[in-house]
Every structure is written in C-alpha cells, then in structure tokens.
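Residues per chain, in single letters:
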Amino acid sequence: MAKSVKAIFAGSFDPITNGHVDIIERAAKMFDKLKIGILINPNKQTMFTVEERVELVKKTLSHIDNVEVIFFEGLLIDFCKKNDISVLVRGIRSSADVDYELQMAHMNKELEDSIETIILPTNTKYSFISSSLIKEVLHFGANIENLVPKCVLEELKKKKIK
Ligand code: PNS
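Residues numbered from 1 in each chain as written. Predicted model: local features only at pLDDT ≥ 70, side-chain atom pairs only at ≥ 80, totals over all residues. Heavy atoms only, no water.

A. Representation of the packing of aromatic side chains in the model. The tally for this structure, following the rule as stated, stands at 2 aromatic pairs. Ring centres 5.7 Å apart and planes at 70° place the aromatic pair Phe9 and Phe13 in the edge-to-face group. Ring geometry for Phe72 against Phe79: centres 5.8 Å apart, planes inclined by 35°, an arrangement best described as tilted. In this structure, Phe72 and Phe79 share a single accessibility class: buried. (Phe/Tyr/Trp six-rings, centres within 6.5 Å; stacked < 30°, edge-to-face > 60°. Buried < 20%, exposed > 50% of the residue type's maximum accessible area, 1.4 Å probe, protein only.)

If you want it as structure tokens, here you go:
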C-alpha cells in the first residue's frame, strides 16, 4: 500500500475566513490527512483565544472527514517532525503574498529538507480577504457575512458588542 501523506495547513486563524476554507477544502482532496495547525503565539495579541479559534475551526470544517484541528507552539517544522507530517500547505491571495511565502518556504526547507511546501493560489473571489481586514471593517460596522463562516460571524458580532 502507498505511504499515506500527512499535510498541515498552519496559521493564526484569528478568525478562520472563507479564504482559509477554500484552501482547506481543496488541500483536503490532495492529501490522505490534513491537520489544521492553530498557532499559539504568546507575543501576539489575538481577538480569539486559542480555545475559541480551535472551536470555530472545528465547527467550520465539520463537513470534511480527513481534517483534524490541533494547536501548536514553537517551530512548525518541529511539530511536523514529531507528527510525521511531510507537507506544509500555504495559500497565496496575490503577488503581494509571494515574497513572504517564499521566504518561509525557503527557511522551512533549510530547517528540514524532507518537508516540502505546497502553495495554492486562492480562488479569486477570496483574494482580498484577510483576518485582520475583516476585523478592521467589522469594527466600523461593515457587513462581512459573505467573507466568514456563519459561526464566525456570530462570534465576531458578540465580541463587537462586548
Ligand atoms: O496565518 P499566518 O499568521 O500567516 O501563519 C503563519 C505561520 C503560523 C504559518 C508561521 O508564522 C509559523 O509557522 N509560525 C510558527 C513558528 C515558525 O515555525 N516560524 C518559522 C517560519 S519560517
């Protein structure tokens, strides 16, 4: 039997957007197992706690069988080595993302040659979405219902009201 290939799509997911979901749905078809790795970064202030982000990502992706949601701290490549993950999946929205993504891919390759990065261009209809822009426009009362999953929209509204 062919070796099963485990991949990871890692990020901050503060919060998960429809752009993330697009990449995840497509990547889940390409690999036997896809982990969604939510970064705990003690130096970065997030709107959602790691527990909240895990919960929202799990709810959003409940329709995909081969996806598992986890959180991690430290180097992504170390998490991959410990968990037998051989592919890093990243999404790019436009040429503006390319330099940063290449830099990370090259650094990760330098740190662990056996782990490959696969970069998927996002669907054009999501190319302008980012978690930070969503939080910014919501703060000023914009309608973002087409940009994030329903459960995220509800939680964002609750945060805004507080
Ligand atoms: O959604 P993001 O914030 O663009 O995701 C970036 C992420 C989490 C993939 C990246 O910052 C990361 O891998 N962080 C963990 C620490 C690490 O491995 N840093 C070296 C990256 S070359």
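B. Summary view of the environment of Val98. By secondary structure assignment, the location of Val98 is in helix 4 (residues 95-111). Judged by its relative accessible area of 28%, Val98 is partly exposed. In sequence terms Val98 and Ile119 are 21 residues apart; their C-alpha atoms lie 9.4 Å from each other. (Helix = DSSP H or I, 4+ residues; strand = E, 2+ residues; numbered from the N terminus.)

C. Region of the structure containing the environment of Glu155. Inspection of the secondary structure assignment puts Glu155 in helix 6 (residues 150-161). In this structure the C-alpha to C-alpha distance between Glu155 and Val69, which are 86 residues apart in sequence, comes to 19 Å. Sequence-distant contacts of Glu155, defined by excluding residues within four places in its chain, comprise Phe48 and Leu56. A polar contact is formed between the side chain of Glu155 and the side chain of Lys158, at a distance of 2.9 Å. (Contact = heavy atoms within 4.5 Å. Polar contact = N/O pair within 3.5 Å; in protein donor to acceptor, adjacent residues only side chain to side chain.)

D. Structural detail: unusual backbone geometry. Between Asp14 and the following residue, Pro15, the backbone shows a cis peptide bond with an omega angle of 5°. With respect to the helices and strands, the residue Pro15 is situated in the loop between strand 1 (6-11) and helix 1 (18-30). The backbone of Phe13 shows a phi angle near 50°, a positive value even though the residue is not glycine. Structurally, Phe13 can be placed in the loop between strand 1 and helix 1. Judged by its relative accessible area of 2%, Phe13 falls in the buried class.

E. Seen up close, the site of the ligand. As a matter of local geometry, the ligand sits amid Ala10, Gly11, Ser12, Leu39, Phe72, Gly74, Leu75, Leu76, Arg90, Met104, Met107 and Asn108. Between an oxygen atom of the ligand and a side-chain N or O atom of Ser12, the distance comes to 2.8 Å. Between Arg90 and the ligand, the recorded distance is 3.1 Å, taken from a side-chain N or O atom to an oxygen atom. Across the complex, the protein chains shield 75% of the 540 Å² of accessible surface that the ligand would expose by itself. (Near = heavy atom within 4 Å. Areas by Shrake-Rupley, 256 points an atom, 1.4 Å probe, with all protein chains shown as cover.)

F. Structural context of the pairing of strand 3 (residues 67-72). Relative to strand 3, strand 2 (residues 33-39) runs parallel, the two sharing 6 bridges. If you follow Leu34 over to strand 3, its bridge partner there is Val67. You can see the chain leave strand 2, run along helix 2 (residues 50-60) and come back into strand 3, and the turn it takes is right-handed. (Pairing = 2+ DSSP bridges. Right-handed = clockwise from strand over helix to strand, strands pointing away.)

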